[in-house]
Amino acid sequence: MPSSPQRRILVTSALPYANGHIHLGHLVEYIQTDVYVRFQRLRGQQAIYLCADDTHGTAIMIRARAEGRSERDLVAGMREAHLADFAGFQIAFDHYGSTDSPANRRLCAEIWQALRGRGLVVARQVQQLFDAAAGTFLADRFVKGTCPRCAAADQYGDNCEQCGATYAPADLVDPVSTLSGTRPEPRSAEHLFVTIEALHGFLDRWTRESGALDPRIANYLAGHFLGEPLRDWDVSRPAPYFGFEIPDAPGHFWYVWFDAPIGYLAATEEWCAAHGGTLADWWGRDSAAEIHHFIGKDITYFHTLFWPAMLEAAGLALPTKVRIHGFLTVNGQKMSKTRGTFLSARAYLDHLDPGMLRYYYAAKLSGGIDDIDLNLEEFTSKVNSDLVGKVVNLASRTARWLERSGLAARYPDDGGLFAMAAADGSAIAEAYEACDFARAMRTIMLAADRANAYVDAEQPWKLAKAGPEAAGRLQDVASVALNLFRQIAVYLAPVLPRLSEQAGTLVGGPIRSWEESQRPLAGLPVAGFTPLMQRVEPGQVEALLAAAREPAAEAKTTQHGGTTMDANTVGTDPAAAIEAEPLAAQCTIDDFTKVDLRVARIVAAEEVPEAKKLLKLTVSLGGDVTRTLFAGIKGFHAPESLVGRLVVVVANLAPRQMKFGTSEGMVVAASGAGAAGVYLLSPDAGALPGMRLR
RNA sequence: CGCGGGGUGGAGCAGCCCGGUAGCUCGCGAGGCUCAUAACCUCGAGGUCGCAGGUUCGAAUCCUGUCCCCGCCA
């Protein structure tokens with residue numbers, strides 16, 4: 001057949017930061033990229049998948065310091081952990097480098113020289129908060145203080161979570177360094193900037209006309225950045241900083257976001273050193289190679305503005321495609337440690353099969369920037385019905401009839417089923433190419449449905465009992481089913497490399513080419529069938545969630561002493577409470593606002609001897625504001641255990657005269673059918689008395 | 001009128017570009033099969049395709065308006 005010239009495709013995923021472990025959110029990207037690369041290879045293209053650890057920056061420096069070891073020691077340990085996690089999910093990099101490598105240092109210097117040479121680097125004084133005790137300038141996130149606009153306490157240095165204000169760390173009232181706990185002082189230092197405004201015209205054209213970006217992304221950039229002059233990009237940090245010192249600016253280091261993307265180049269060079277060729281073969285201006293970056297939507301501007309600007313200035317090739325995906329939510333919400341939905345790659349691998357997550361993500365990814373949701377109930381049903389019930393089941397129900405006879409010598413009449421699925425191949429390939437894996441999976445599953453219906457209609461189990469004269473027909477029917485299975489295994493090979501290997505072991509040998517989906521096999525031996533994939537048991541998912549909850553529960557306990565995390569297992573919450581007490585009539589936000597709920601600290605608690613249920617509490621709302629109130633929680637809490645803890649009170653409740661005194665408010669607690677008891681509410685760590693609930 | 005995405009049977013989605021009987025998976029109900037990892041197959045209930053107008057012989061699909069939800073971190 002006419003084979004088009006082989007494409008040469010360099011593919012990258014964003015570099016994971018060496019400050020933390022890989023979690024299921026990261027894996028959306030690595031799985032997406034890995035599937036794409038495997039697809040290209042299966043189609044006969046040359047594709048290399050490059051990545052590296054992102055190792056520099058303040059966060060690494062601080063963490064290493066806290067752990068009492070060197071940055072390089074920390075980074076080396078995390079690299080091992082990352083590689084093990086990736087391997088566990090069958091993510092097969094061709095090279096995995098590090099931004100802390102000699103190649104990267106040299107390439108940073110070269111790009112820097114190019115920027116200097118074009119007059120794009122300027123120096124300017126920047127005022128930042130300096131922690132004298134720790135001896136370092138503080139990034140925004142290492143400063144906390146009171147919001148200058150709304151006076152909310154304990155806000156980070158860049159914006160206020162309470163009122164949404166954005167500001168500089170130096171604007172904070174009473175700033176505190178989270179490193180040393182001391183008050184940092186403003187200090188000014190020289191920073192180096194890249195004046196990318198000089199490349200504004202180029203970026204305008206490139207974002208719109210190169211075809212590298214989805215038009216929606218180009219439009220977003222036009223609206224948010226390119227509609228006005230581009231701000232200079234601050235690319236240096238004064239010492240101390242873990243990174244590369246800038247050769248022509250002693251005492252200054254490249255900002256981590258400067259050297260990170262250059263890590264793509266360094267990884268390429270390192271790959272070439274091992275496999276031949278040169279950097280210019282891939283990144284040269286006139287190279288015919290394609291460059292595809294897979295990234296998350298949070299780092300869009302780095303890869304669509306700064307990075308192309310750097311490449312342009314350095315005279316290198318620009319990305320062919322920047323493919324942007326959304327975030328992962330778990331059961332519809334952001335991953336959260338306190339909710340027990342912060343799922344690490346390692347925890348997943350301890351409980352579940354990596355192929356299942358690869359398939360689930362593939363079934364969800366449609367090539368857009370929408371967030372994708374890992375709904376664990378859906379995960380279970382989808383994996384079980386699609387992979388186990390449909391695909392694997394095809395082999396499971398027919399392979400054993402061929403163990404002795406092997407495949408029929410000639411592929412039998414199957415009513416056009418194989419040809420139909422073969423014809424689907426081009427549509428499936430187009431979907432893969434567009435990263436619309438969801439469409440590809442849907443199409444593949446339809447083929448699996450048709451195959452199962454075929455088996456059902458032909459009733460091979462009856463043929464098996466019918467005696468020797470039906471043996472030929474039985475072999476034909478089973479041969480069709482097994483060919484249809486293997487055909488599906490070819491289509492799924494980018495997503496499920498393990499399954500495709502097993503399919504190859506069962507019949508026909510290793511799957512190496514997409515073309516194998518186009519012609520059925522005949523006259524080959526069939527191996528003994530071994531189960532290819534186990535179904536997901538709900539208990540496995542529960543165990544994963546329990547494992548995710550544990551560290552959070554510990555942290556919670558140490559903070560609050562008495563409080564413990566509720567068992568909050570997804571999908572198994574009892575219905576007693578909600579059934580016993582249906583929801584109240586709808587109210588408006590105004591109705592809700594009338595009730596002034598505040599965080600309060602219990603400063604005194606005593607029994608009311610004459611009362612059956614009441615404790616007398618004194619709570620602080622901050623400053624001098626206190627309330628004395630009676631709470632119906634006697635018997636559930638020992639008074640002394642309550643002192644000091646934070647609760648929620650209705651602060652504007654009309655005072656009420658009771659037999660034992662005046663109650664000036666009400667403590668909020670949960671109770672209802674399903675469990676006896678009264679459960680006080682506690683805010684997350686960081687809440688302070690007087691804060692309002694809204 | 002800031003930009004963009006979305007609103008389709010209980011849940012999650014496809015269909016919309018190129019108008020023509022509303023489809024898939026899960027769940028639910030009934031039946032079948034018993035080869036298969038309580039898997040598979042068939043049938044059924046369930047939707048005025050956010051709302052209101054318009055174009056058209058005909059609109060989920062095109063146009064206008066409107067409501068609601070989500071995202072927009074140099």
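Everything below is about the structure shown above.
The notes below deal with the structure included here. Worth saying up front: this structure is predicted, and the values here are computed from it rather than measured.

Focus on the overall build of chain A
At step 1: Helix and strand counts for chain A stand at 21 helices and 26 strands.
At step 2: Per-residue burial for chain A yields a buried fraction of 49% across its 694 residues.
At step 3: When the accessible surface of chain A is summed, it comes to about 31600 Å², and 52% of that surface belongs to carbon and sulfur atoms.

Structural notes on the packing of helix α16 (residues 471-492) against helix α17 (residues 497-506)
At step 1: Orientation of α16 relative to α17, taken along the N-to-C sense of each, is 150°, at an axis distance of 9 Å. As far as their axial angle goes, α17 and α16 are roughly antiparallel. For the pair α16 and α17, the crossing hand works out as left-handed. On the side of α16, the interface is formed by L482, F485, R486, A489 and L492, while α17 contributes L499, S500, A503, G504 and L506.
At step 2: Within the contact of α16 with α17, the residues separate by chemical class into seven nonpolar, two polar and one charged.

Details of the packing of aromatic side chains
At step 1: Applying the stated criterion across every chain yields a total of 30 aromatic pairs.
At step 2: For the pair F130 and F137, a centre-to-centre distance of 4.9 Å together with 75° between the ring planes defines the contact as edge-to-face.
At step 3: The class for F137 is buried, based on a relative accessible area of 13%.
At step 4: Ring geometry for Y241 against F253: centres 6.4 Å apart, planes inclined by 50°, an arrangement best described as tilted. Highlighted residues: Y241 in the loop between β11 (236-238) and β12 (252-254) and F253 in strand β12, separated in sequence by twelve residues. Just as Y241 is buried, F253 falls in that class too.

Quick word on the pattern of salt bridges
At step 1: Inspection of every chain in the model, using the stated rule, returns 34 salt bridges.
At step 2: Where K390 meets D449, a salt bridge forms, and the shortest distance between an N and an O atom there is 3.4 Å. You can see K390 sitting in helix α12 (residues 376-396) and its partner D449 sitting in helix α14 (residues 437-458), a full 59 residues away along the chain.
At step 3: Note on K390: relative accessible area 22%, which makes it partly exposed.
At step 4: Each member of the salt-bridge network shares a partner with another, and the members are R63, E67, R69 and D73.

Points about the protein's contact with RNA strand B
At step 1: Not every one of the 37 residues close to RNA strand B is listed here, only the nearest: V392, N393, S396, R397 and M533.
At step 2: Sugar and phosphate atoms represent 69% of those atoms of RNA strand B found within 4 Å of the protein.
At step 3: Take K465: an N or O atom from its side chain is 2.9 Å from a phosphate oxygen of RNA strand B.
At step 4: Between RNA strand B and R535 there is a distance of 2.9 Å, counted from a phosphate oxygen to a side-chain nitrogen or oxygen.
At step 5: Contributing elements (two or more residues each) for the surface near RNA strand B: α6 (215-224), α9 (300-314), α12, α14 and α15 (460-465).
At step 6: Looking at the surface near RNA strand B element by element, the count peaks at nine residues for α12.
At step 7: Among the residues forming the surface near RNA strand B, the class breakdown is 13 nonpolar, eight polar and 16 charged.

A short note on the environment of A440
At step 1: Mapped onto the secondary structure, A440 falls in helix α14.
At step 2: For A440 and A362, which are 78 residues apart along the polypeptide, the C-alpha to C-alpha distance reads 8.6 Å.
At step 3: With sequence-adjacent residues up to four places away left out, A440 is seen in contact with I428, A431 and Y432.

Considerations on the sheet that holds strand β8 (residues 173-177)
Within a sheet, neighbouring strands are paired by backbone hydrogen bonds and run either parallel or antiparallel to one another.
At step 1: Strand order in the open sheet formed by three strands is β7-β6-β8, with antiparallel pairing between adjacent strands. At either end of the open sheet lies a strand with only one pairing partner, and these are β7 (155-156) and β8.
At step 2: With two bridges connecting them, strand β6 (residues 143-146) and β7 associate as antiparallel partners. Residue pairing for β7: K144 is matched across the bridge by Y156.

Some details on helix α11 (residues 354-364)
At step 1: By the criterion of burial, α11 is predominantly enclosed, with ten of the eleven residues buried.
At step 2: For α11, the complete set of buried residues consists of P354, G355, M356, L357, R358, Y359, Y360, Y361, A362 and A363.

Quick notes on the rules
Residues numbered from 1 in each chain as written. Chains lettered and ligands numbered in written order. Predicted model: local features only at pLDDT ≥ 70, side-chain atom pairs only at ≥ 80, totals over all residues. Heavy atoms only, no water. Helix = DSSP H or I, 4+ residues; strand = E, 2+ residues; numbered from the N terminus. Buried < 20%, exposed > 50% of the residue type's maximum accessible area, 1.4 Å probe, protein only. Areas by Shrake-Rupley, 256 points an atom, 1.4 Å probe, with all protein chains shown as cover. Axes fitted to C-alpha atoms, helices over the stretch in contact; angles between N-to-C directions. Parallel < 35°, antiparallel > 145°, perpendicular 65-115°, else oblique. Left-handed = near helix turned anticlockwise from the far one by under 90°. Contact = heavy atoms within 4.5 Å. Nonpolar A, V, L, I, M, F, W, Y, C, P; charged D, E, K, R; others polar. Phe/Tyr/Trp six-rings, centres within 6.5 Å; stacked < 30°, edge-to-face > 60°. Salt bridge = Lys/Arg side-chain N within 4 Å of Asp/Glu carboxyl O. Near = heavy atom within 4 Å. Polar contact = N/O pair within 3.5 Å; in protein donor to acceptor, adjacent residues only side chain to side chain. Pairing = 2+ DSSP bridges.

Keep in mind that these numbers describe shape and distance, not what the molecule does.
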